[in-house]
Amino acid sequence: MRVLIVGSGGREHALFWALSKEAEVFVAPGNPGIPEGFRFAVSAEDAAGIADLARRLTADLVLIGPEAPLIAGVADELRAAGFAVLGPGAEGAFHEASKQRSREMMQRAGVPVPRFYSAQTVRDAVSLSSAMFESGSGVVVKASGAALGKGVVVCSTPDEAEDAIQMMLVDEAFGEAGRTVLIEERLTGREFSLLSVCSGERFVSLPVAQDYKRALDRDRGPNTGGMGSYSPVPWIDDDLVEKAEAQIVAPILRMMKSEGIDYRGVLFSGIMVQQGQPYCLEYNVRFGDPETQSVVRRLGPGLADLLLAAAQGEELPKPQVLPNAAVTVVLASGGYPGSFPKGVPITLPTALPEGVELFHAGTAMSDRGLVTGGGRVLAVSAAAPDLADARRRAYETCGSIAFAGMHYRRDIAGEPL
Ligand code: AMP
Ligand code: GLY
């Protein structure tokens, strides 16, 4: 099988690593972690360029990693050209571009979600938020549009909520994405990420993972795209996964179908469990990053066949799950998720400990060698017989990598141990 992966992050490098065991895999545009000869300098959003490349490579499967090209309709263009594509068309991805739309869609589908309201003026937003506080619940203020996972402020006091509302609606901190804000009931509970591979209404879920959204240890600091992940998540049992599949994944796919969408791709549900009840905080139309970096470490052979079957709208084989554990730690640029320098030289160890893979994300090649090129620079991913061992190996490796300003969380997978 010949696979073309579209995208350039840690998720795409991890998928390249996993699929290369069972297929010939190419990436566009990819990153320096992927050997030359396997990556092609075509932008992920250049639909015609990607279709040309898929033709030249005679790809059996095209897998689209990030949401931007999905929302831009790259999958539609490839399907029209006759390719099997993993990733929904623009209509299937449409809701993801707006939290308000996706929330409303989930509500119509009967998916459990936190109470929410939307507002476009400070006056409305503040009055909704005050009413929410008076009803005894905390408030989460969210930019409705895509803000790279950063447009969410969890607030404990009305003043904090008002500041967040000001930042989005008046200071326009997230530009267009923050023109509409959601005022949402703050749930309390633990979170997990569920990645389901979907073929229309059929789906199979991959091993669940836990993501760490906040920049700093003990869930302090601003929200980021994700600072680490691990799998399995010991406090999630099969019953809870089945409940989430029945109450969240299945109704979303049914709703898609009722809207005429044949959803072939990954549905990623971000779930919070409050008193045994899973609530969907958000869903995405793609693999999670950095969840994927841990999840692929736990899959046995057959991933390529599974993804191809989904892309072709066929019956899905069950994924083989290994009896191991994986821990992924993201190494970020100084300043991330705020502004950060680029072009900072990176020092890597000459060899990695057993079970450890280094997935590149924001790296670049310069005449001085490997340098930083993004906020999330590298993901250190360790697989081992158990979480404690995987965690030890991941952190040992982090200690052998250096670049000026590098920071990472020290508590990834610390909680279940
Ligand atoms: P989102 O991008 O909507 O998934 O939000 C990012 C993070 O903010 C989530 O992973 C949660 O940790 C937190 N969050 C979002 N919505 C809520 C909510 N309604 N209650 C509590 N925490 C939330
Ligand atoms: N890790 C969260 C995401 O991929 O959006």
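Values in this document were obtained by computation on a predicted structure and should not be read as measured data.

(A) The nonpolar core, seen in detail. Core analysis: the largest hydrophobic core is formed by 78 residues, its most contacted members being Leu4 and Leu78. Every residue in contact with Leu4, bar those within four places of it in the chain, is listed here: Phe26, Val27, Ala28, Ile50, Leu53, Ala54, Leu57, Ala59, Leu61, Val62 and Leu63. The next biggest cluster of nonpolar side chains, apart from the first, holds 38 residues, and it includes Ile5, Ala23, Val266 and Phe359.

(B) Highlighting the pattern of salt bridges. By the definition in use, this model includes 24 salt bridges. Close ionic contact of Glu201 with Lys257 constitutes a salt bridge, the shortest N to O distance being 3.5 Å. One end of the pair, Glu201, is in the loop between strand 9 (190–199) and strand 10 (202–205); the other, Lys257, is in helix 9 (residues 238–258), and 56 residues separate them in sequence. A relative accessible area of 38% means that Glu201 is categorised as partly exposed. In this structure, Asp219 engages Arg409 in a salt bridge whose closest nitrogen and oxygen atoms are separated by 3.1 Å. Of the two residues, Asp219 is situated in the loop between strand 12 (214–216) and strand 13 (220–223) and Arg409 in the segment after helix 12 (387–398); the sequence distance between them amounts to 190 residues. Members of the salt-bridge network, linked through shared partners, are Lys99, Asp211, Lys213 and Glu282.

(C) Broad picture of the environment of Gly7. Mapping Gly7 onto the fold places it in strand 1 (residues 2–7). Among residues more than four places away in sequence, those in contact with Gly7 are Glu12, Val27, Ala28, Pro29, Gly30, Ala44 and Pro66.

(D) The arrangement of the site of ligand 1 in detail. Near ligand 1 lie 15 residues; those nearest to it are Lys142, Glu184, Glu185, Leu187 and Glu191. The separation between a nitrogen atom of ligand 1 and a polar main-chain atom of Leu187 is 2.9 Å. Between ligand 1 and Glu282, the relevant distance is 3.1 Å, taken from an oxygen atom to a side-chain nitrogen or oxygen of the residue. A total of 470 Å² of accessible area belongs to ligand 1 in isolation, and the protein chains cover 93% of it. Breaking the shell around ligand 1 down by element, the ones donating at least two residues are strand 6 (139–143), strand 8 (181–185) and strand 16 (277–284). Tallied by class, residues from the shell around ligand 1 come to six nonpolar, one polar and eight charged.

About the cut-offs
- Counting of residues starts from 1 at the beginning of each chain's written sequence and follows it residue by residue.
- Numbering of ligands from 1 and lettering of chains from A proceed in the order in which they are written.
- In keeping with the predicted nature of the model, local features appear solely for residues at pLDDT of at least 70, side-chain atom pairs appear and are counted solely at 80 or more, and the whole-chain, interface and lining totals rest on all residues.
- For the side-chain quantities, the full set of heavy atoms in the structure was used; hydrogens and water were omitted.
- We call a set of buried Ala, Val, Leu, Ile, Met, Phe, Trp, Tyr and Cys residues a nonpolar core when their side-chain atoms join them within 4.5 Å.
- Residue burial is assigned from relative accessible area. The probe radius is 1.4 Å, only protein chains are included, and a residue is buried under 20% of its type maximum, exposed over 50%, and partly exposed in between.
- Two residues form a contact once any of their heavy atoms are found within 4.5 Å.
- Salt bridges, as used here, are contacts in which a Lys or Arg side-chain nitrogen is within 4 Å of a carboxyl oxygen on Asp or Glu.
- Each helix is a run of H or I in the DSSP string that is no shorter than four residues. Each strand is a run of E no shorter than two, and both are numbered from the N terminus.
- For this description, a residue counts as near a given molecule or strand if any of its non-hydrogen atoms is within 4 Å of it.
- Any pair of N or O atoms that falls within 3.5 Å is considered a polar contact. Within protein, one atom must be able to donate a hydrogen and the other to accept it, and sequence-neighbouring residues count only if both atoms are side-chain atoms.
- For the accessible areas, the method is Shrake-Rupley and the probe is 1.4 Å, while residue cover comes only from the protein chains on display.
- Polar here means any residue outside two lists: the nonpolar Ala, Val, Leu, Ile, Met, Phe, Trp, Tyr, Cys and Pro, and the charged Asp, Glu, Lys and Arg; Gly therefore counts as polar.

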